[in-house]
Amino acid sequence: MVDSIPVHGACDARFTKVKELFQRSFDSAAEIGAAVSFVLDGKCVIDLWGGHYDLARTREWECDTLVNVYSTTKGMTALCANQLIERGLLEIEAPVSEYWPEFAAAGKERITIRCLLSHKAGLCGIRAPLPKNSLYDWDRICEALAAQEPWWTPGDGHGYHAFTFGFLVGEVVRRVTGESLGTYFRKNVAQPLGADFHIGLAAQNDSRTSDMYSVLIGNKPAPTSRSGDPAPSATGPFAEFARRMQDPTTMQCAAFLNPPQDRDAVNTRAWRGAEIPAVNGHGTARSLARVYGALARGGEIDGVRILKPQTIARAATEEAAGPERLFCGAVPMRFGLGFVLSDETHRYSRLSPNPRAFGHAGGGGSLGMADPDHGIGFGFTMNNMQASIVSAGATATALIDAFYEALN
């Protein structure tokens, strides 16, 4: 145990237990620096932050501290695509090649926008070996994806597109709007809502951006994959996935290790400044809670509308369910049109106690979530990578459960 670390911010008296649990996450060394926010029916009822930017605890986490949220970014990317569907600029049953003609190569001419958004395209990883750091080369990645044959028959089951989801959806957004995904998101979501979330982080924000750390409870280093996710165990449900990760001919290796990337790439200016719309969003818990708080109440908050209720309902309708392919059946995941749908029956897919909740978790423990039945928007960000690959981390899950307990 360490000396009690101050927690700052505001918390409605009904949710004192949430604040206590948040405090405990620092005192137990489960978290280094973190923030949590809940919006309830359009009102922010919890906005807390605490801990530090660094392991030495020399600089305190602040109200506007930014941090990389890995796959929690996918929810923001999905939101952009669903806006374009709502505006009639994208048709969910149209072939991707209608917007991106080069994509029709290698048997992909029938892949639809619906298929792309629901992780059914069979393009989890790039087969052709790519040079180190080409993850930052948008055109190179998109050209490789356009030329590639799918790993499985598109539409025949789903597999998590860990990195490629952002390039695939982002390129469609670029072809339709003429703007990069990050630019479109900034103009049409972040700025209207006043949400401090960025896909492609400007250098002037580096001073308030925390590094990420791979430190488990007890401050024991954890091995990581290129994505920064704690490496899966060679035993247990992820054993087959771990085995395939060692084989460069597999989809699993291609998804996480091609192109090669340094372990600490997430803490570099190159990573922060690039647009990798599946994994390199930087934001605050408050920004996630505000975006999802709008989605939880029909798409509008404080007079700003980002989606219509019917668009949200369609986006949160199940498109794919059950064990997915990338993790070799170890993770049953439910997808709507880009959003993960909560599954109370399995810990890897649970976002909240309400099965109608939707959103997206990020490797290491971050989470953004909307519960339309209770009008809840939630955001959790942190700089300590816990043993969480695609699911909500232990801290976020405990905070959500405590919130619902107090709400009921």
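Above this note sits the structure.
So, here is what we can say about the structure in this document. Just so you know, these numbers come straight off a predicted model, no measurement behind them.

1. Considerations on the environment of Ala 396
Within the element layout of this structure, Ala 396 appears in helix 12 (residues 394-407). C-alpha of Ala 396 to C-alpha of Phe 22: the two residues are 374 residues apart in sequence and 9.1 Å apart in space. Contact partners of Ala 396, with chain neighbours within four places excluded, come to Gly 365, Leu 367, Phe 378 and Phe 380.

2. Things to note about the packing of aromatic side chains
Under the defined criterion, the tally for this structure stands at 17 aromatic pairs. A centroid spacing of 6.1 Å and a plane angle of 50° characterise the contact between Phe 256 and Phe 327, whose relative ring orientation is tilted. Highlighted residues: Phe 256 in helix 8 (residues 251-257) and Phe 327 in the loop between helix 11 (309-315) and strand 11 (334-335), separated in sequence by 71 residues. The same class applies to Phe 256 and to Phe 327, which are both buried. Site record: aromatic cluster; members linked through ring pairs are Phe 15, Phe 38, Phe 378, Phe 403 and Tyr 404. We note Lys 108 situated over the ring of Phe 103; from NZ or CZ to the ring centre the distance is 5.1 Å. Seen from the ring of Trp 151, Arg 127 lies directly overhead, with NZ or CZ sitting 3.9 Å from the centre.

3. Concerning unusual backbone geometry
Following Asn 258, the chain continues to Pro 259 via a peptide bond in cis, the omega torsion being 5°. You can see Pro 259 is positioned in the loop between helix 8 and helix 9 (269-273). Although it is not a glycine, Ala 29 adopts a positive phi angle of roughly 70°. Here Cys 328, not a glycine, exhibits a phi torsion of approximately 60°, which is positive. Of note, Cys 328 is situated in the loop between helix 11 and strand 11.

4. Details of the environment of Thr 72
With respect to the helices, strands and loops of the structure, Thr 72 is situated in the loop between strand 4 (67-68) and helix 2 (73-86). Sequence separation of Thr 72 and Leu 351 is 279 residues, and the distance between their C-alpha atoms is 12 Å. The contacts of Thr 72, once residues within four sequence positions are left out, are Leu 288, His 360, Ala 361, Gly 362, Ser 366, Leu 367 and Gly 368. A polar contact of 2.9 Å, which involves the side chain of Thr 72, links it to the backbone nitrogen of Gly 362. A distance of 2.8 Å separates polar atoms of two side chains, one belonging to Thr 72 and the other to Ser 366.

5. Quick look at the packing of helix 4 (residues 138-147) against helix 5 (residues 164-177)
At a closest axis distance of 10 Å, the pairing of helix 4 and helix 5 adopts a crossing angle of 100°. If you check the angle between helix 4 and helix 5, you find them roughly perpendicular. Contact with helix 4, carried on its side by Trp 138, Ile 141, Cys 142 and Leu 145, involves Thr 164, Gly 166, Phe 167, Leu 168, Gly 170, Glu 171 and Arg 174 of helix 5 and no other residues of that element. Here the residues of the contact of helix 4 with helix 5 sort into six nonpolar, three polar and two charged.

6. Let's talk about the sheet that holds strand 5 (residues 197-199)
The three strands lie next to each other as 4-8-5, forming an open sheet whose pairing is antiparallel. The sheet is open, and its two borders are formed by strand 4 and strand 5, each paired with just one other strand. Inspection of the sheet shows strand 5 paired to strand 8 (residues 281-283) by three bridges, in the antiparallel sense. In the strand pairing of strand 8, Ile 199 is matched with Gly 281. Sitting on the sheet, helix 2 is in contact with strand 5 and strand 8, with an inclination near 80° to strand 5.

7. Describing the sheet that holds strand 2 (residues 33-40)
Reading across from one edge, 1-3-2-15-14-13-12-11 is the order of the eight strands in this open sheet, with antiparallel pairing throughout. Where the open sheet ends on each side, the last strands, each with one partner, are strand 1 (7-11) and strand 11. Of the pairings in the sheet, the one linking strand 1 to strand 3 (residues 43-51) comprises five bridges and is antiparallel in character. The residue bridging Val 7 from the neighbouring strand is Gly 50, located in strand 3. Helix 1 (residues 16-27) rests against strand 1, strand 2, strand 3 and strand 15 (376-382) of the sheet, and its axis sits at about 20° to strand 3.

8. A short note on the pairing of strand 14 (residues 367-371)
Where a strand is regular, its side chains alternate between the two sheet faces. Of all the five residues making up strand 14, five are buried; the element is thus mostly covered by neighbouring parts of the structure. Side-chain alternation along strand 14 places Leu 367, Met 369 and Asp 371 on one buried face and Gly 368 and Ala 370 on a second face that is also buried. By the bridge criterion, four bridges tie strand 13 (residues 358-361) to strand 14 in an arrangement that is antiparallel. Across the sheet, the residue bridging to Ala 361 is Leu 367, located in strand 14. Joining the antiparallel neighbours strand 13 and strand 14 is a turn of five residues, in which Gly 364 adopts a positive phi near 100°. In this antiparallel pair of consecutive strands, strand 14 and strand 15, the connection spans four residues, and Gly 375 shows a positive phi of 70°.

9. A look at the pattern of salt bridges
Enumeration over the complete set of coordinates arrives at 24 salt bridges. As a salt-bridge pair, Arg 175 and Glu 171 come within 2.7 Å of each other at their nearest N and O atoms. Of the two residues, Arg 175 and Glu 171 are both situated in helix 5; the distance of four residues between them amounts to about one turn of the helix. With relative accessibility at 30%, the residue Arg 175 sits in the partly exposed group.

Criteria and thresholds
- Residues numbered from 1 in each chain as written.
- Predicted model: local features only at pLDDT ≥ 70, side-chain atom pairs only at ≥ 80, totals over all residues.
- Heavy atoms only, no water.
- Helix = DSSP H or I, 4+ residues; strand = E, 2+ residues; numbered from the N terminus.
- Contact = heavy atoms within 4.5 Å.
- Phe/Tyr/Trp six-rings, centres within 6.5 Å; stacked < 30°, edge-to-face > 60°.
- Buried < 20%, exposed > 50% of the residue type's maximum accessible area, 1.4 Å probe, protein only.
- Lys NZ or Arg CZ within 6 Å of the ring centre and 35° of its normal.
- Polar contact = N/O pair within 3.5 Å; in protein donor to acceptor, adjacent residues only side chain to side chain.
- Axes fitted to C-alpha atoms, helices over the stretch in contact; angles between N-to-C directions.
- Parallel < 35°, antiparallel > 145°, perpendicular 65-115°, else oblique.
- Nonpolar A, V, L, I, M, F, W, Y, C, P; charged D, E, K, R; others polar.
- Pairing = 2+ DSSP bridges.
- Salt bridge = Lys/Arg side-chain N within 4 Å of Asp/Glu carboxyl O.

So yeah, pure geometry; function would need other evidence.
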